[in-house]
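# A look at the structure
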Amino acid sequence: AQSVTQLDSQVPVFEEAPVELRCNYSSSVSVYLFWYVQYPNQGLQLLLKYLSGSTLVKGINGFEAEFNKSQTSFHLRKPSVHISDTAEYFCAVSTPLKDSSYKLIFGSGTRLLVRP
Amino acid sequence: EAGVAQSPRYKIIEKRQSVAFWCNPISGHATLYWYQQILGQGPKLLIQFQNNGVVDDSQLPKDRFSAERLKGVDSTLKIQPAKLEDSAVYLCASSLGVSNEQFFGPGTRLTVL
């Protein structure tokens, strides 16, 4: 069975500093990987996704993530964070199904707290 | 383009009462999802519709939860009777098709006392 582990429940960081949010997954087959952001009292918004191809994926708002198959990781990075990046970030994994659909399995989330 | 709409945004009920949530997906989206997000956890898929048919309801507690998507557009999720452990945010999402990006609504926060 697939699972996702987000090791850090909260990551405090100062504004303009770099940040890395860690995500590890377990799956015996090929996977799709996703990062979502959830701002307070809002739904989830897709930041970026890895389906195939280049292991370095660039997303919205200056975020990027790198797929590392040997370490089964998909860590999210941003070189310089802004106050407005304060939110909950969710990593998700899915195995592509026969009909090209996918079922998302989410991690427990990491709260990014950007301080001035 | 209007996003996924959900109502109500907040609901407080006592255990053993019934409650219903409504979701209106983005126009033209054939696939609709209901997720349950318990505090401190990631969303968990409860049920997935393709048009008005159920694709996956393997994690829906069918003894108390039910969902329908009549006419393949908007959808309702019902809990009857509610338990304390049902306190959560219920998220609705929609996508053009089963392999497309999911767009999430703002959610309904349910508190069961």
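See the structure printed just above.
Below is a summary of the structure that appears in this document. Just so it is clear, the model here is predicted, and its values are computed rather than measured. (Residues numbered from 1 in each chain as written. Chains lettered and ligands numbered in written order. Predicted model: local features only at pLDDT ≥ 70, side-chain atom pairs only at ≥ 80, totals over all residues. Heavy atoms only, no water.)

## Here we look at the interface of chain B and chain A
Using the following cut-off: Between two residues, a contact is recorded if the distance between any of their heavy atoms is within 4.5 Å. Summed over both partners, the accessible surface that disappears when two parts come together, traced with a 1.4 Å probe, is what is meant by buried area. By convention in these notes, a salt bridge is any Lys or Arg side-chain nitrogen within 4 Å of a carboxyl oxygen on Asp or Glu. N or O atoms within 3.5 Å of each other form a polar contact, as long as, within protein, one can give a hydrogen and the other can take it, and as long as residues adjacent in sequence are counted only when both atoms are side-chain atoms. All amino acids are sorted into three groups, where Ala, Val, Leu, Ile, Met, Phe, Trp, Tyr, Cys and Pro are nonpolar, Asp, Glu, Lys and Arg are charged, and the leftover types, Gly among them, are polar.
Taken together, the 21 residues of chain B in the interface contact 17 residues of chain A. Here chain B and chain A share an interface that buries about 1,500 Å² over both sides, 51% of which is from carbon and sulfur atoms. Put simply, chain B and chain A have 1 salt bridge between them. B:Asp56 is the salt-bridge partner of A:Lys103, the closest N and O atoms lying 3.3 Å from each other. At the surface where chain B touches chain A, the tally comes to 5 residue pairs in polar contact (both at pLDDT 80 or more). Taken together, the residues of the side of chain B that touches chain A sort by class into 8 nonpolar, 10 polar and 3 charged.

## Quick look at the sheet that holds strand 8 (residues 75–79) of chain B
Residue and element names in this part refer to chain B. For clarity, the threshold we go by: Think of it this way: DSSP has to see at least two bridges between two strands before they count as a pair. The numbering of helices and of strands both runs from the N terminus, where a helix is a DSSP run of H or I of at least 4 residues and a strand a run of E of at least 2. In this analysis an axis means a line fitted to C-alpha atoms, helices contributing only their contacting stretch, and an angle means the value between N-to-C directions, from 0 to 180 degrees.
An order of 1-3-8-7 is seen for the 4 strands of this open sheet, with the pairing classed as antiparallel. Edge positions in the open sheet fall to strand 1 (5–7) and strand 7 (65–68), since each of these has one partner strand only. Between one strand and the next, the sheet's axes are offset by a mean angle of 15 degrees, whatever the strand orientation. In this structure, strand 1 lies alongside strand 3 (residues 19–24), joined through 3 bridges in antiparallel fashion. Residue pairing in the sheet places Gln6 in a bridge with Cys23 of strand 3.

## Some points on the state of the cysteines
All names here are of chain B. Quick reminder of the rule: Throughout, a disulfide means two cysteine sulfur atoms within 2.5 Å of one another.
This model, assessed by the stated rule, comprises 2 disulfides over all chains. There is a disulfide in this structure between Cys23 and Cys92, and the S-S distance comes to 1.9 Å. Taking the torsion about the S-S bond as the criterion, the Cys23 to Cys92 disulfide, at about -70 degrees, is left-handed. With Cys23 in strand 3 and Cys92 in strand 9 (residues 88–95), this residue pair connects regions lying 69 residues apart in the sequence.

## Examining the layout of surface pockets
The line we're drawing: Only protein atoms enter the 1 Å grid, on which a cavity is a set of points fitting a 1.4 Å probe that cannot get out and a pocket is an open set with protein on both sides within 12 Å along at least 5 of 7 lines, lining residues being those with an atom within 4 Å of a point. Grid points are joined across faces, edges and corners, and a volume is the space filled by probe spheres set on the points.
Of the voids in this model, the largest pocket is the one considered here, and its volume is about 550 Å³. Considering the residues around the largest pocket, the lining is formed by 26 residues, among which A:Gln38, B:Gln37, B:Leu39, B:Val89 and B:Arg109 are closest to the centre. Counting only elements with at least two residues in the lining of the largest pocket, the list comes to strand 10 (87–94) of chain A together with strand 9 and strand 11 (108–112) of chain B.

## Concerning the packing of aromatic side chains
Convention followed: When the centres of two rings from Phe, Tyr and Trp lie within 6.5 Å, Trp using its six-membered ring, the rings pair. Their planes under 30 degrees apart give stacked, over 60 give edge-to-face, and anything left gives tilted. Between buried and exposed lies partly exposed: a residue is buried under 20% and exposed over 50% of the maximum accessible area for its type, with that area taken using a 1.4 Å probe on protein chains only.
Throughout the structure, instances matching the rule amount to 12 aromatic pairs over all chains. A ring pair is formed by A:Tyr50 and A:Phe67, whose centres lie 4.4 Å apart and whose planes are at 25 degrees; its orientation type is stacked. Here A:Tyr50, found in strand 6 (residues 44–50), pairs with A:Phe67, found in strand 8 (residues 64–68); they are 17 residues apart in sequence, far enough to count as distant. Accessibility expressed as a relative area gives 10% for A:Tyr50, which makes it buried. The exposure class of A:Phe67 is buried, given its relative accessible area of 12%. Clustering of aromatic rings is evident, with ring pairs tying together A:Phe34, A:Tyr36, A:Phe90, A:Phe106, B:Tyr33, B:Tyr35 and B:Phe104.

## Description of the pattern of salt bridges
Applying the stated criterion across every chain yields a total of 9 salt bridges over all chains. The partner of B:Lys62 in a salt bridge is B:Asp57, and the shortest N-O contact between them spans 3.8 Å. Counted as one network, the salt bridges with shared partners bring together A:Glu20, A:Glu66 and A:Arg77.

## Some thoughts on the pairing of strand 9 of chain B
Residues and elements named next belong to chain B. In terms of burial, strand 9 is largely enclosed, as 8 of its 8 residues are buried. With burial as the criterion, each face of strand 9 is covered, one bearing Ala88, Tyr90, Cys92 and Ser94 and the other bearing Val89, Leu91, Ala93 and Ser95. Alignment of strand 4 (residues 31–37) against strand 9, held across 7 bridges, turns out to be antiparallel. Within strand 9, the residue paired with Leu32 across the bridge is Ser94.

## Remarks on the environment of B:Leu70
Tracing the chain through its elements places B:Leu70 in the loop between strand 7 and strand 8. For B:Leu70 and B:Lys15, which are 55 residues apart along the polypeptide, the C-alpha to C-alpha distance reads 28 Å.

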